[in-house]
Amino acid sequence: MDFGFGCADEEFRAEAREWLTGHLVGDYAALAGVGGPGSEHEGAFVRREWERELGSGGWIGLGWECAEGAYGNRVGSLTQQVVWAEEYARVRAPGRVGHIGENLLAPTLIAAGDEAQRRRFLPAIARGEELWCQGYSEPGAGSDLAGLRTVAVRDGGGYRVSGQKIWTSLAGEADWCFVLARTDPGERRHRGLSFLLVPMDQPGRIEVRPIRQMSGTAEFNEVFFDGARAPHVVGGEGAGWRVAMGLLARERGVSTLVQQIGFAAELAAVVAAAVRGGAVRDPVLREQLVRQWAELRVMRWNALRTLGAAGDAGAPSVAKLLWGGWHQRLGELAMRVRGAAAALGPVDWSAGAPYELDALQRLFLFTRADTLYGGSDEIQRNIIAERVLGLPRLER
């Protein structure tokens, strides 16, 4: 394919670089590189302020398919969105706490919501003022999302939601949660589900419990709903599965190219560790490092090839299979180049910090989940088999 940056893109790059240089200062600059895998919980308060800073500059919502300025945001072409992501990664700006609202909920409202919902929620997301979390997975319904048990019953003009969600990132900081729940108890599996918008500030109706990890941190949460009020349904009652699958396609596809910029930085850190410790002299490890580099280039070109493409039912699943496996292998390689030293933390064990980890150790532990969250590898292969190859559906 012919992919390149034109004069307008380079002008946009200069504008983005100038803005980031002038605004990524002080407390914001101190959080350089914070907020990635294994550190999503760190610096949440300052990163929320940074979200507002981005909003004031109009940098939230570049990829929204709507009239420029309609919700207080800029609108950039696909190449300009790539330029912004490259510049953002280049200066190691803080991990975004608003990415769920900007990249998942907002495009879903643009595609499936009504005008009142778009006018209510998109401006607040564009200003960086309201944060979102995602209420999909449950203890008994992870990759098999259609098996969820959370229910919602009609209550006046809205619904009351009861049930439990798990592995919910940013639930403690979020103002709203989009929740997939069963609104028709007479239906099974993917039928009878609705996509609901739930305000998180409901004492006694919503409880958030951090899931403490062996590192002592809590990247994820459990969320319990006990008759929580849900005043909005997106796409109409019973259309939740269609709306949710459209959202997951955006999660697995559009964001892949941006994600790879972070992957390249992580790979560079692993290569640096291999050079520093002498592991690069091992021909087997050296070959594995080169393979990781080559596969990342292939993923980049595949992402560019499918950028903006519509109607390819298998593209999001292929992308998820590619990056999930690649990132997990990178985590394993990060430990392999360190040898026996990989088993030791950066500081001595203490009762106050019993599992202190360095960046590469956090990378390794986090990547163990890459082939599970967002739809396991098995689910992705089923999607490709059934929707692309036309093979018989798996009996459940």
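Description of the structure in this document.

### Observations regarding the overall build of the protein chain
Step number 1: Within the protein chain, the secondary structure is distributed over twelve helices and eight strands.
Step number 2: Taking 21 Å as the expected radius of gyration for a compact globule of 396 residues, we find that the protein chain reaches 21 Å, a close match to that expectation.
Step number 3: Reported as C-alpha extents along the three principal axes, the dimensions of the protein chain are approximately 65 × 50 × 45 Å.
Step number 4: A total of 396 residues make up the protein chain; the buried ones form 46% of that total.
Step number 5: Carbon and sulfur atoms make up 55% of the accessible area of the protein chain, which totals about 19,000 Å².
Step number 6: For the protein chain, the separation between the mean place of its 45 positive charges and that of its 49 negative charges on side chains is 4 Å.

### Brief notes about the environment of tryptophan 132
Step number 1: Note on placement: tryptophan 132 falls in strand β1 (residues 132-135).
Step number 2: Given the relative accessible area of 1%, tryptophan 132 is considered buried.
Step number 3: Distance from tryptophan 132 to alanine 174, taken between C-alpha atoms, is 4.9 Å for residues 42 residues apart in sequence.
Step number 4: Once residues within four sequence positions are removed from consideration, tryptophan 132 is found in contact with Ile100, Gly101, Leu105, Phe121, Ile125, Ala174, Trp176, Cys177, Phe178 and Leu197.

### A closer look at the packing of helix α9 (residues 283-306) against helix α10 (residues 315-336)
Step number 1: As a packed pair, α9 and α10 sit with axes 11 Å apart at the nearest point and diverge in direction by 155°. It follows from the interaxial angle that α9 and α10 lie roughly antiparallel. Handedness of the crossing formed by α9 with α10: left-handed. On α10, the residues that touch Leu285, Gln288, Leu289, Gln292, Glu295, Leu296, Met299 and Asn302 of α9 are Leu322, Trp323, Trp326, Arg329, Leu330, Leu333 and Arg336.
Step number 2: A breakdown of the residues in the contact of α9 with α10 according to their chemical character gives nine nonpolar, three polar and three charged.

### Some points on helix α4 (residues 78-90)
Step number 1: For α4, which comprises 13 residues, the first-to-last C-alpha distance of 18 Å matches the rise-based estimate of 18 Å (1.5 Å per residue) to within 8%.
Step number 2: Burial in α4 covers these residues: Thr79, Gln80, Val82, Val83, Trp84, Ala85, Glu87 and Tyr88.
Step number 3: Two residues or fewer past α4, arginine 92 is found with a positive phi of approximately 55°.

### Description of helix α5 (residues 99-112)
Step number 1: Its 14 residues place the ends of α5 19 Å apart at the C-alpha level, agreeing with the 20 Å of an ideal helix rising 1.5 Å per residue.
Step number 2: At leucine 105, α5 is deflected by roughly 35°, the largest bend along its length, and proline proline 107 occurs up to four residues later in sequence.
Step number 3: Within α5, ten of the 14 residues are buried, which leaves the element mostly enclosed by the surrounding structure.
Step number 4: Taken as a whole, α5 has its buried residues at Ile100, Gly101, Glu102, Leu104, Leu105, Ala106, Pro107, Thr108, Leu109 and Ile110.

### Let's talk about a nonpolar patch on the surface
Step number 1: Taken together, the side chains of Val388, Leu389 and Leu391 define a hydrophobic patch exposed on the protein surface, amounting to about 280 Å² of accessible area.
Step number 2: Within the element layout of this structure, leucine 389 appears in the segment after α12 (377-388).

### Overview of the pattern of salt bridges
Step number 1: What the rule picks out here adds up to 24 salt bridges.
Step number 2: Here glutamate 51 makes a salt bridge to arginine 96, at a shortest N to O gap of 2.5 Å. Placement of glutamate 51 in helix α3 (residues 44-56) and of arginine 96 in the loop between α4 and α5 is noted, with a sequence separation of 45 residues between them.
Step number 3: A residue is classified by how much of its surface remains accessible, and glutamate 51, at 2% relative accessible area, is buried.
Step number 4: On the basis of relative accessibility, which here comes to 17%, the residue arginine 96 falls in the buried class.

### Quick notes on the environment of leucine 54
Step number 1: Tracing the sequence through the fold places leucine 54 in helix α3.
Step number 2: A residue is classified by how much of its surface remains accessible, and leucine 54, at 1% relative accessible area, is buried.
Step number 3: Along the chain, leucine 54 and arginine 96 lie 42 residues apart, while their C-alpha atoms are 9.9 Å from each other.
Step number 4: Once you skip the residues sitting within four places of it in the chain, leucine 54 turns out to touch Trp19, Trp59, Ile60, Trp84, Tyr88 and Arg96.

### Overview of the pairing of β1
Step number 1: The alternating pattern of β1 places Trp132 and Gln134 and Cys133 and Gly135 on opposite faces, both of which are buried.
Step number 2: Alignment of β1 against strand β4 (residues 176-182), held across four bridges, turns out to be parallel. Counterpart to glycine 135 in the pairing with β4 is valine 179.

### Brief notes about the packing of aromatic side chains
Step number 1: A full pass over the atoms with the stated rule returns 15 aromatic pairs.
Step number 2: Arranged with centres 6.0 Å apart and planes meeting at 80°, the rings of tyrosine 136 and phenylalanine 178 form a pair that is edge-to-face. Remark: phenylalanine 178 occurs in strand β4 and tyrosine 136 occurs in the loop between β1 and β2 (151-155); sequence separation between them is 42 residues. Of the two residues examined, tyrosine 136 and phenylalanine 178, each falls in the buried class.
Step number 3: Ring centres of tryptophan 167 and phenylalanine 220 lie 6.0 Å apart, and the angle between their planes is 90°; on these two criteria the pair is classed as edge-to-face. Of this pair, tryptophan 167 sits in the loop between β3 (158-165) and β4 while phenylalanine 220 sits in strand β7 (residues 220-230); the two residues are 53 residues apart in sequence, bridging distant segments of the chain.

So, how was this worked out
- Residues numbered from 1 in each chain as written.
- Predicted model: local features only at pLDDT ≥ 70, side-chain atom pairs only at ≥ 80, totals over all residues.
- Heavy atoms only, no water.
- Helix = DSSP H or I, 4+ residues; strand = E, 2+ residues; numbered from the N terminus.
- Rg over C-alpha atoms; globule rule 2.2 N^0.38 Å.
- Buried < 20%, exposed > 50% of the residue type's maximum accessible area, 1.4 Å probe, protein only.
- Areas by Shrake-Rupley, 256 points an atom, 1.4 Å probe, with all protein chains shown as cover.
- Lys, Arg positive; Asp, Glu negative; His and termini not counted.
- Charge placed at Lys NZ, Arg CZ, Asp CG, Glu CD.
- Contact = heavy atoms within 4.5 Å.
- Axes fitted to C-alpha atoms, helices over the stretch in contact; angles between N-to-C directions.
- Parallel < 35°, antiparallel > 145°, perpendicular 65-115°, else oblique.
- Left-handed = near helix turned anticlockwise from the far one by under 90°.
- Nonpolar A, V, L, I, M, F, W, Y, C, P; charged D, E, K, R; others polar.
- Expected span 1.5 Å × (residues − 1).
- Bend = angle between axes of the 7 residues up to and from the residue.
- Patch = residues over 30% accessible without salt bridge, like charges linked within 9 Å, V, L, I, M, F, W, Y side chains within 5 Å.
- Salt bridge = Lys/Arg side-chain N within 4 Å of Asp/Glu carboxyl O.
- Pairing = 2+ DSSP bridges.
- Phe/Tyr/Trp six-rings, centres within 6.5 Å; stacked < 30°, edge-to-face > 60°.

No statement about biological role is implied by the geometric values presented.
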